[in-house]
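Descriptive structure summary
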Amino acid sequence: MEPESREQSIGKGYKYLAVGLRFAGGIVVFLFGGLLLDRWLHTTPLFLLVGVFLGAGLGFLSLYRELMADPANKPTWHRGGGGKP
């Protein structure tokens, strides 16, 4: 297997940076959505907190799916019987 070039390793870094920004962006979008709902319905901080937790949960789900879809993150071992450890 050939070692990665500098360009390939930088490309991986940008991929993970984008995933992290998407996670943070989801939290911020839902935070502001909850803040607007709170102002409209006069229920401070109910929807703000719901928005933060909903954004974090959905952001984590998106992050998990993205990282598990990457074949580089798949484990090389598998469950099963027999064989050497």
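Everything discussed here concerns the structure shown above.
The structure displayed is predicted, hence computed values, not measured ones.

Structural notes on the overall build of the chain
A count of helical and extended segments in the chain gives 2 helices and 0 strands. Classification of the 85 residues of the chain by burial places 9% in the buried group. Across the chain, every contact between residues at least 6 apart in sequence was considered, and the portion connecting residues at least 24 apart equals 50%. As displayed, the chain offers around 7,200 Å² of accessible surface, 70% of which is attributable to carbon and sulfur atoms.

A word on the pattern of salt bridges
Pairing is possible between side chains of opposite charge, provided their charged atoms come close. Scanning all chains against the criterion turns up 1 salt bridge. Close ionic contact of Arg22 with Glu66 constitutes a salt bridge, the shortest N to O distance being 3.7 Å. Here Arg22 is found in helix H1 (residues 6-41), whereas its partner Glu66 is found in helix H2 (residues 46-69), with 44 residues between them in sequence. Looking at Glu66, the relative accessible area reads 28%, which means it is partly exposed.

Some points on a nonpolar patch on the surface
Taken together, the side chains of Val29, Phe30, Leu46, Val50, Leu54, Leu58 and Leu61 define a hydrophobic patch exposed on the protein surface, amounting to about 590 Å² of accessible area. Within the residue set of the nonpolar patch, elements represented by two or more residues are H1 and H2. At 5 residues, H2 tops the list of elements feeding residues into the nonpolar patch. With respect to the secondary-structure elements, Leu58 resides in helix H2. Leu58 gets classed as partly exposed once you look at its relative accessible area, which sits at 41%.

What about the packing of aromatic side chains?
Across all of its chains, the model carries 1 aromatic pair by this definition. Between Phe60 and Tyr64, the ring centres sit 6.5 Å apart and the planes meet at 25 degrees, which makes this aromatic pair stacked. Taken together, the residues span about one helical turn, with Phe60 and Tyr64 both in helix H2 at a distance of 4 residues. Assessed through its relative accessible area of 49%, Phe60 is described here as partly exposed. When its relative accessible area of 47% is taken as the criterion, Tyr64 is described as partly exposed.

A short note on the environment of Leu54
Following the sequence through the fold, Leu54 ends up in helix H2. Under the relative-accessibility criterion, Leu54 is labelled partly exposed at 43%. A C-alpha to C-alpha distance of 7.7 Å links Leu54 and Ile27, two positions 27 residues apart in sequence.

Rules used throughout
- Residues numbered from 1 in each chain as written.
- Predicted model: local features only at pLDDT ≥ 70, side-chain atom pairs only at ≥ 80, totals over all residues.
- Heavy atoms only, no water.
- Helix = DSSP H or I, 4+ residues; strand = E, 2+ residues; numbered from the N terminus.
- Buried < 20%, exposed > 50% of the residue type's maximum accessible area, 1.4 Å probe, protein only.
- Contact = heavy atoms within 4.5 Å.
- Areas by Shrake-Rupley, 256 points an atom, 1.4 Å probe, with all protein chains shown as cover.
- Salt bridge = Lys/Arg side-chain N within 4 Å of Asp/Glu carboxyl O.
- Patch = residues over 30% accessible without salt bridge, like charges linked within 9 Å, V, L, I, M, F, W, Y side chains within 5 Å.
- Phe/Tyr/Trp six-rings, centres within 6.5 Å; stacked < 30°, edge-to-face > 60°.

So far we have only geometry, and geometry alone does not tell us how the molecule works.
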